[in-house]
Amino acid sequence: MSVLVYIEHAEGSVKKTSLEAISYAKAMSEKLSSGEVIAVALGAISSEELAKSGTAGASKVILVNDSKLNQGIIQAHAEAIAQVYKKVNASTLVLAKSSLGDAVAARLAIKLDAALVSNVIELPDTTSGYKVKRSIYTGKAFAITQVNSAHKILAVKKNAVALKTDGKEVAIEEISLQIAPENFATTITSTDKATGEILLPEADIVVSGGRGMKGPENWGMLEALAKELGAATGCSKPVSDIGWRPHHEHVGQTGVKVSPTLYIAVGISGAIQHLAGVNSSKCIVVINKDPDAPFFKAADYGIVGDAFEILPKLTEAVKAQK
Ligand code: FAD
């Protein structure tokens, strides 16, 4: 038996969340003796990028380098992964929780007659049955899910697992598959990014501004910090409602839910609806001139002060660190 890990990649790079999924699979395999950890990538991706799978814990990578799989066509990806899963005699599929991952995993659960657990945050506990801890209610609570099926699909939450960096060199096996045309019932004809910058839902660092930024003319300051950090920009709901920023940047319960490694909130009060979109972040830094702003209660680090003084200093400090 083996553990198969579905790797997602974008713009030529393996996603960090997929490497986390590999690290999770490796730790799980060591704990439960579940066999070899094999990663599978679909579509064109370089061997240098795939080598990261080895560092993260995979012992082998299977590459299905079919140009029809370059884009994330859900049915086709699910079919390809199901074929590879059977080929390698896997008993568990691990993947990163993501919009593509969710859609592919749901189809795979049917194809493989497998139990699907999403938002997994810990290794399975097999002391009595097979139990998996998952995050629910946007990170505000946990659920223990008992898995009763022989085949299992575990979708790992972003930032829930320490990334392994001491793995070995990985062998890459390129294979081709027969994927029936009906799996390509839809095709993606073009993809337009909302902006030229880093996409908010995927970003590892987010710099977000609220009404405390006073107006759209002040966003340059926030963007300068984001640029230095390689971050995406976000905002609170009123900011996009007033039209200071585009709606796709609105973070929160009714907007985009983010789970970056670092979320910097500038001039945002920290209303519960905003927190619902950010409380899966690994580290939250709040900049607010009001020491009683509710956001400070959810913050790992807080700076009480005027954003217009702090932002340029922070940007300079980041520049100096480089
Ligand atoms: P404010 O509440 O006005 O806060 C501005 C903050 O900036 C204050 O804390 C102030 O101290 C600080 N400040 C002012 N000047 C400075 C300065 N110079 N330097 C530093 N700090 C400064 N909101 C969301 O964000 N996302 C959602 O998805 C969302 N969904 C909602 C859904 C519903 C059904 C409802 C009813 C509301 C929703 N809201 C949402 C709105 C939410 O309740 C808050 O009203 C909103 O988040 C407040 O935005 P804000 O913090 O930018 O503005």
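Use the structure listed above.
Now for a look at the structure at hand. In this text, all values refer to a predicted model and were calculated from it rather than measured experimentally. (Residues numbered from 1 in each chain as written. Predicted model: local features only at pLDDT ≥ 70, side-chain atom pairs only at ≥ 80, totals over all residues. Heavy atoms only, no water.)

Some details on the site of the ligand
How we decide: The criterion for a residue being near a molecule or strand is simple. One of its heavy atoms has to lie within 4 Å of it. Side-chain atoms alone can form a polar contact between residues adjacent in sequence; in general such a contact is a pair of N or O atoms within 3.5 Å, and within protein one must be able to donate a hydrogen while the other accepts it. The accessible surface values rely on the Shrake-Rupley method and a 1.4 Å probe; as for residues, cover is taken only from the protein chains in view. The distinction between a cavity and a pocket rests on a 1 Å grid over the protein atoms alone: a 1.4 Å probe fits inside a cavity but cannot get out, while a pocket stays open yet meets protein on both sides within 12 Å along at least five of seven lines, and a residue with an atom within 4 Å of a point counts as lining. The rule for placing a molecule in a cavity or pocket is simple: more than half of its atoms must lie within 2 Å of the grid points. The residue classification treats Ala, Val, Leu, Ile, Met, Phe, Trp, Tyr, Cys and Pro as nonpolar and Asp, Glu, Lys and Arg as charged. All others, Gly included, are polar.
For the ligand, the set of nearby residues contains 26 residues, the closest of which are Arg211, Ser236, Thr254, Ser269 and Asn288. For the ligand, an oxygen atom lies 2.7 Å from a polar atom in the backbone of Ser269. Taking Asn288, its side chain carries an N or O atom lying 2.7 Å from an oxygen atom of the ligand. Isolated, the ligand exposes 980 Å² of accessible area, and the fraction of that covered by the protein chains is 76%. Judged by the fraction of its atoms near the pocket grid, the ligand is located in the second largest pocket. Tallied by class, residues from the shell around the ligand come to six nonpolar, 14 polar and six charged.

Points about the packing of aromatic side chains
Each aromatic ring pair is specified by the distance between its two centres and by the angle formed by the two planes. In plain terms, the rule: In this scheme Phe, Tyr and Trp rings, the latter by its six-membered ring, pair at centre separations within 6.5 Å, and the angle between planes marks the pair as stacked below 30 degrees, edge-to-face above 60, and tilted otherwise. Each helix is a run of H or I in the DSSP string that is no shorter than four residues. Each strand is a run of E no shorter than two, and both are numbered from the N terminus. Burial here depends on accessible area, computed with a 1.4 Å probe over protein chains only, as a share of the maximum for the residue type. Under 20% is buried, over 50% is exposed, and the range in between is partly exposed. Criterion for a charge above a ring: Arg CZ or Lys NZ at most 6 Å from the ring centre, at most 35 degrees from the ring normal.
Per the stated rule, a full pass over the model turns up one aromatic pair. Ring centres 6.2 Å apart and planes at 65° place the aromatic pair Trp219 and Trp244 in the edge-to-face group. Taken together, the residues span a long stretch of sequence, with Trp219 in helix H5 (residues 219–229) and Trp244 in the loop between helix H6 (237–242) and strand S14 (262–266) at a distance of 25 residues. Summarising the burial analysis for this pair, Trp219 and Trp244 share the class buried. Its end group placed over the ring of Phe142, Lys133 keeps NZ or CZ at 4.4 Å from the ring centre. Over the ring of Tyr130 we find Lys152, and its NZ or CZ is 4.6 Å from the ring centre.

Observations concerning the packing of H5 against helix H8 (residues 307–321)
Geometrically, a packed helix pair is captured by the angle between its two axes and the distance between the axes. We count it as follows: Angles shown run from 0 to 180 degrees and are taken between the N-to-C directions of axes, each axis being a line fitted to C-alpha atoms and, for helices, limited to the stretch in contact. Orientation labels follow simple angle bins: below 35 degrees gives roughly parallel, above 145 gives roughly antiparallel, 65 to 115 gives roughly perpendicular, and whatever is left gives oblique. Less than a right angle of anticlockwise turn of the near helix away from the far helix marks a crossing as left-handed, whereas a clockwise turn marks it as right-handed. Here a residue-residue contact requires only that any non-hydrogen atoms of the pair lie within 4.5 Å.
Contact pair H5 / H8: the axes reach a minimum separation of 9 Å and the direction vectors enclose 20°. Taken together, H5 and H8 sit at an angle that is classed as roughly parallel. H5 and H8 meet at a crossing whose hand is left-handed. Contact with H5, carried on its side by Met221, Leu222, Ala224, Leu225, Glu228 and Leu229, involves Phe308, Leu311, Pro312, Leu314, Thr315, Val318 and Lys319 of H8 and no other residues of that element. Of the residues in the contact of H5 with H8, the class split is 10 nonpolar, one polar and two charged.

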